[in-house]
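Each chain, letter by letter, is given below.
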Amino acid sequence: MTCINLEKRDQMAYRALFYAIHGDVDRSEKIRTMLRQDREIQERVPVREFFPA
């Protein structure tokens, strides 16, 4: 899942916290990992900036 908008990201983070509080650590970690991967993808610099068309 890439380019999650802010509202969706906040909902997912809340859900991860909810699961962690209620003891479902595996589900919480899956959501947190997905959110981290999405953030890393958004932080990458597009190739176009290095090689203009």
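> Is there a simple way to think about the pattern of salt bridges in this case?
Summed over the entire model, instances satisfying the criterion amount to four salt bridges. R36 serves as the salt-bridge partner of E29, at 3.9 Å between the closest nitrogen and oxygen. The exposure class assigned to E29 is partly exposed, which follows from its relative accessible area of 32%. Each of E29, R32 and R36 takes part in one network of salt bridges that share partners.

> Got a minute to help me understand helix α1 (residues 6–21) in this structure?
For an α-helix, 3.6 residues make a turn, and residues three or four places apart therefore share a direction. The end-to-end C-alpha distance of α1 is 22 Å, a good match for the 22 Å that 16 residues give at a rise of 1.5 Å each. Among the residues of α1, M12, A16 and Y19 are the ones counted as buried. Across the axial projection of α1, the buried residues extend over an arc of 65°, all falling on one side. For α1, the exposed residues set more than 90 degrees away from the buried face come down to L6, E7, Y14 and I21. Looking one or two residues past α1, G23 carries a phi angle of roughly 90°, positive in sign.

About the criteria used
- Residues numbered from 1 in each chain as written.
- Predicted model: local features only at pLDDT ≥ 70, side-chain atom pairs only at ≥ 80, totals over all residues.
- Heavy atoms only, no water.
- Salt bridge = Lys/Arg side-chain N within 4 Å of Asp/Glu carboxyl O.
- Buried < 20%, exposed > 50% of the residue type's maximum accessible area, 1.4 Å probe, protein only.
- Helix = DSSP H or I, 4+ residues; strand = E, 2+ residues; numbered from the N terminus.
- Expected span 1.5 Å × (residues − 1).
- Arc of directions from axis to C-beta.

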